[in-house]
Amino acid sequence: MGGKLLSIYETLFARYGDLHWWPAKTPYEVVVGAVLTQNTAWGNVEKAIANFGGHLAPETVAAMPVEELAEVIRPSGFFNQKAGYLKAVTAWYGKYGYDVPTVQKRPLGELRAELLETKGVGQETADSILLYAFGFPTFVVDAYTHRLCGRYPVESGKGYAAVKAHFESELPESAEVYNNFHALIVINAKEHCRKKPTCDGCPLGGGCGRVGA
Ligand code: SF4
């Protein structure tokens, strides 16, 4: 592992431990959550998923008229648009018979390219699906990752592809490490490295150049 990222990972791990992300009951629920969480708070995603009444399955979503689906996911916001996105990503999953091991047999690069061609799926959504639903070693970059890199700083370059490549080159190719590191960055951003940082008590304070700034 690379020096600075290893140190950040170990420091965050020592504080928060193994977070066992993503908060979902099934891989398909991860897929749905990754789409619904776009431009909304996670609490709204939970409300939308609860509206399925325990029947969130790809077969259900594929069979549901898009207008009905939009009503079910209304709490997540942008519901008409997201209903279309859910239909598209579910159709993608359908190519593999809604079967996790079948997806896992495919090369990561091909799956990522297919997802990026799917309506409503950008890089963060594609990587979240591939890492958290299917266990592929692909690092997820989000606004909290960019914030940490800018503040600490981590010399990752700018933009999704550059930051992802930097993390992947510095870390071992491990879905477990990528999974937990992303979750650790998110929790620390919520606890301390907020828009207006609360550096007091932040586990990264010892190495962060922006501490107290
Ligand atoms: S010390 Fe402050 S700026 Fe640095 S990571 Fe922690 S909260 Fe963010």
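This is a predicted model, so every value here is computed, not measured. (Residues numbered from 1 in each chain as written. Predicted model: local features only at pLDDT ≥ 70, side-chain atom pairs only at ≥ 80, totals over all residues. Heavy atoms only, no water.)

Section: the side chain of Thr 125
With respect to the secondary-structure elements, Thr 125 resides in helix α9 (residues 123–133). Residue classification places Thr 125 among the buried positions, given a relative accessible area of 7%. In this view, Thr 125 contacts Ala 34, Val 35 and Gln 38; residues no more than four positions away in its chain are not counted. (Helix = DSSP H or I, 4+ residues; strand = E, 2+ residues; numbered from the N terminus. Buried < 20%, exposed > 50% of the residue type's maximum accessible area, 1.4 Å probe, protein only. Contact = heavy atoms within 4.5 Å.)

Looking at the pattern of salt bridges
For the coordinates displayed, the defined rule picks out 7 salt bridges. The salt bridge involving Glu 71 is made with Arg 74; its shortest N-O contact spans 2.9 Å. In this structure, the salt-bridge partner of Asp 127 is Lys 164, at a minimum N-O distance of 3.7 Å. Of this pair, Asp 127 sits in helix α9 while Lys 164 sits in helix α11 (residues 160–170), and the two are 37 residues apart along the sequence. In terms of burial, Asp 127 and Lys 164 fall into one category: buried. (Salt bridge = Lys/Arg side-chain N within 4 Å of Asp/Glu carboxyl O.)

Concerning the site of the ligand
Taken together, the neighbourhood of the ligand is formed by Arg 151, His 192, Cys 193, Pro 197, Cys 199, Cys 202, Gly 205, Cys 208, Arg 210 and Val 211. Of the residues belonging to the shell around the ligand, the class tally is 6 nonpolar, 2 polar and 2 charged. (Near = heavy atom within 4 Å. Nonpolar A, V, L, I, M, F, W, Y, C, P; charged D, E, K, R; others polar.)

Some points on the domain arrangement of the chain
On domain assignment, one finds that the chain holds domain 1 (3–20 + 139–206) and domain 2 (27–133). Each of domain 1 and domain 2 has a C-alpha centre, and these two points are 25 Å apart. Between domain 1 and domain 2, the residue contacts involve 11 residues of the former and 7 residues of the latter. Note on domain 1 versus domain 2: buried area summed over both sides is about 760 Å², and carbon and sulfur give 62% of it. Its largest share of buried area at the contact with domain 2, domain 1 owes to Val 140, Tyr 160 and Asn 179, together 56% of the area lost on that side. For the pair domain 1 and domain 2, the interface holds 1 salt bridge. Where domain 1 touches domain 2, the interface holds 3 residue pairs in polar contact (both at pLDDT 80 or more). Taken together, the elements giving at least two residues each to the side of domain 1 that touches domain 2 come down to α11 and α12 (175–191). In terms of residues, the side of domain 1 that touches domain 2 owes the most to one element, α12, which gives 5 residues. Split into classes, the residues belonging to the side of domain 1 that touches domain 2 amount to 7 nonpolar, 2 polar and 2 charged. (Domains from an automatic or database assignment. Buried area = accessible area lost by both parts, 1.4 Å probe. Polar contact = N/O pair within 3.5 Å; in protein donor to acceptor, adjacent residues only side chain to side chain.)

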